[in-house]
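Residue-level structure breakdown
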Amino acid sequence: MWTRPVAAVVWLLGLDTAVAVWTVAAGWGERVSGSDWVRFGTLAAIAVAYLALTRQWEERRRLADNQGEHVDQTSVFVFSAALLLPVWLLFALIALLRHRRFLIARKPPHSFLFTTAAITAGALGVHAVAESTPLGERLTGALPAVHDVFALDSALAMIAAMAVYFVVQGALIGVARGLINRTWSPRELLGEPSANVYIVSTLVLAVCLSVLLSVSVVLGAAILLVIAPLARMRHQLAQATADRKRLLHDALTDPLTRLPNRRGFEPAAQLALVADQAARRPTAFLYVDVDRFKEWNTRIGHAGADQLLAAIAAVLRHQIRGDDLPCRWGGEELCVVLPNTTLPQAIAIAERIRTGVRDLDLTITRPAGGTNIRLGHEAPPCTVSIGAAVTPTWDATLPDLAELADEALSTAKATGRNRVIAATSPAEIH
């Protein structure tokens, strides 16, 4: 966790603390009745049975989603508990579910704890909606009052509860993504559209479970017969979709640096260039080349050079913006297309990349038990040379732009390396 940006660490720890305080404050003085314990027992039994029946599918789906956004369908039980249970029993159910999920989560503990806090915050928001409207009493009251669940004000309260659960979780996790990745694009803040659709459908199922449980514990338990087959079918469909996405991702991504390869980069870069030209905006191109890479290969071996190149790619990803398009161009050469970027802006980004690589604190692990090498200690710092260019005309092509940046890179190499050189052109856009 301590390798994250300071603002992200403050956000993660601050949210964990705030949710803990909120839970205590919301649950202070609440009484737990016998019927609350019955509902809790029923929900817990259904949830545990569901977790047992779907564990294999969930493990496969989490593995497939490891590089992207994952939506856990246990929100069905969390949302229902938020409507039906007192705060302390709600917290107990969340703790039970999250403990079981931690065993297959493949997440660092601090990240898993933050996600749990976000889920709890969403659930507390739903509970507040239920308590401040007639919805909570109608769901947990005597049988004659249950018919009021279908009244207009109850339906509006249910929609509000769904919106609160969706927005609270999405906002808290979206801000964390933005602080960690240092990008604030709509996709970073709001998540993948397909994941959001999955969340909404899960909440609709949670509404059905809540209503059934309010009518009869037996009916609520029977929903397991519906949820499990639906979950299996959805997991299988999700797995097939994930398999296709992974195959496409593998075909378009360099496995060492995890940057797009040229096959994946060039169509996206061309589209960005065309969009900028149509809007009369400049497009910038950075060529990044590792200085004396052959000497590094000799010094630390091919395995060590691979570690070095992967670390440099990580620096590049960290320093560019969310809409920029990086690529492993080939060998030790990386490049970036920067949409809607002037030459001074491109140079500033290139300088961040150059200094980030120069200051890289990396220990090269030698294979077969060899002595590890730390940059700046047992080996000199690694450096890169960067050529920067911006579209010289409104009809320039991507190869034109790449050629200008390549010429600037050659100048950087010839004049001492470890520097950023901008391409010069009489018609250049500033």
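Residues numbered from 1 in each chain as written. Predicted model: local features only at pLDDT ≥ 70, side-chain atom pairs only at ≥ 80, totals over all residues. Heavy atoms only, no water.

Let's shift gears to the overall build of the chain. Across its full length, the chain holds 16 helices and seven strands. Classification of the 430 residues of the chain by burial places 47% in the buried group. Taking all contacts inside the chain whose residues are at least 6 apart in sequence as the whole, residues at least 24 apart take part in 75%. For the chain, the computed accessible surface area is about 20600 Å², with 63% contributed by carbon and sulfur atoms. (Helix = DSSP H or I, 4+ residues; strand = E, 2+ residues; numbered from the N terminus. Buried < 20%, exposed > 50% of the residue type's maximum accessible area, 1.4 Å probe, protein only. Contact = heavy atoms within 4.5 Å. Areas by Shrake-Rupley, 256 points an atom, 1.4 Å probe, with all protein chains shown as cover.)

What follows concerns the pairing of strand 6 (residues 384-390). Within strand 6, seven of the seven residues are buried, which leaves the element mostly enclosed by the surrounding structure. The alternating pattern of strand 6 places V384, I386, A388 and V390 on one face and S385, G387 and A389 on the opposite face, and all of these are buried. Sheet topology note: the strand 1 (residues 284-290)/strand 6 ladder contains seven bridges and is antiparallel. Residue pairing for strand 6: L286 is matched across the bridge by A388. Handedness of the β-α-β unit built from strand 6, helix 16 (residues 398-414) and strand 7 (residues 420-422) comes out left-handed. (Pairing = 2+ DSSP bridges. Right-handed = clockwise from strand over helix to strand, strands pointing away.)

With that settled, the discussion passes to the confidence of the model for the chain. Averaged over all residues, the pLDDT of the chain equals 79, while 76% of them reach at least 70. Across residues 426-430, where pLDDT falls below 50, the model places 13 contacts with residues more than four positions away in sequence or in other chains. (pLDDT = per-residue confidence, 0-100.)

Next up on the list: the pattern of salt bridges. Using the criterion set out here, one finds 11 salt bridges in the structure. Of the charged contacts, one joins D36 and R39 as a salt bridge, the two residues approaching to 3.5 Å between their closest N and O atoms. On the criterion of helical spacing, the pair formed by D36 and R39 is a turn pair, its members being three residues apart in helix 2 (residues 34-64). D36 sits in the buried class, given a relative accessible area of 10%. (Salt bridge = Lys/Arg side-chain N within 4 Å of Asp/Glu carboxyl O.)

Here we take up unusual backbone geometry. The phi torsion at R292 lies on the positive side, around 50 degrees, for a residue other than glycine. Counting through the fold element by element, R292 comes out in the loop between strand 1 and helix 14 (293-319). Residue classification places R292 among the partly exposed positions, given a relative accessible area of 44%.

Another point: the packing of helix 3 (residues 75-84) against helix 5 (residues 109-132). Taken N-terminus to C-terminus, the directions of helix 3 and helix 5 make an angle of 35 degrees; their axes are 8 Å apart at the nearest point. Between helix 3 and helix 5 the crossing geometry is right-handed. Seen from helix 3, the contacting residues are V78, F79, A82 and L83; seen from helix 5, they are I119, A123, V126, H127 and A130. (Axes fitted to C-alpha atoms, helices over the stretch in contact; angles between N-to-C directions. Left-handed = near helix turned anticlockwise from the far one by under 90°.)

Quick look at the nonpolar core now. Formed by 41 residues in total, the largest nonpolar core has its most connected members in F77, F79, L83, L93 and M158. For this core, the secondary structure elements donating two or more residues are helix 2, helix 3, helix 4 (87-102), helix 5, helix 6 (135-140), helix 8 (152-181) and helix 10 (193-215). Considering each element in turn, this core owes the most residues, eight residues, to helix 3. Excluding residues within four positions of it along the chain, L93 makes contact with F40, L43, A44, F77 and A81. (Core = buried A, V, L, I, M, F, W, Y, C linked by side-chain atoms within 4.5 Å.)

Moving on, we come to helix 13 (residues 262-278). With 17 residues, helix 13 extends 24 Å from end C-alpha to end C-alpha; this agrees with the ideal 24 Å at 1.5 Å per step. Taken residue by residue, helix 13 has F265, A269, A272, L273, D276 and Q277 as its buried positions. Looking down the long axis of helix 13, one finds its buried residues gathered within 130 degrees of arc, a one-sided arrangement. Pointing more than 90 degrees away from the buried face of helix 13 are the exposed residues R263, L271 and A278. For helix 13, the elements touching its buried residues are strand 1, strand 2 (325-330), strand 3 (333-338) and helix 16. Regarding helix 13, its N-cap is N261, as a side-chain oxygen of that residue lies 3.1 Å from the backbone nitrogen of R263 further along. Once helix 13 finishes, R280 follows within two positions and takes phi at roughly 55 degrees, a positive value. (Expected span 1.5 Å × (residues − 1). Arc of directions from axis to C-beta. Polar contact = N/O pair within 3.5 Å; in protein donor to acceptor, adjacent residues only side chain to side chain.)

This brings us to the packing of aromatic side chains. Counting across every chain of the model gives six aromatic pairs. Judged by centre distance (5.9 Å) and plane angle (85 degrees), the rings of Y287 and W329 are edge-to-face. Highlighted residues: Y287 in strand 1 and W329 in strand 2, separated in sequence by 42 residues. Note on Y287: relative accessible area 6%, which makes it buried. Look at W329 and you get buried, because its relative accessible area is 15%. (Phe/Tyr/Trp six-rings, centres within 6.5 Å; stacked < 30°, edge-to-face > 60°.)

What follows is about the environment of S210. In this fold, S210 is placed in helix 10. Linking S210 and L83, residues 127 residues apart in sequence, is a C-alpha distance of 7.3 Å. Look past the residues within four positions of S210 in its chain and what remains in contact with it is S80, L83, L84 and L139.

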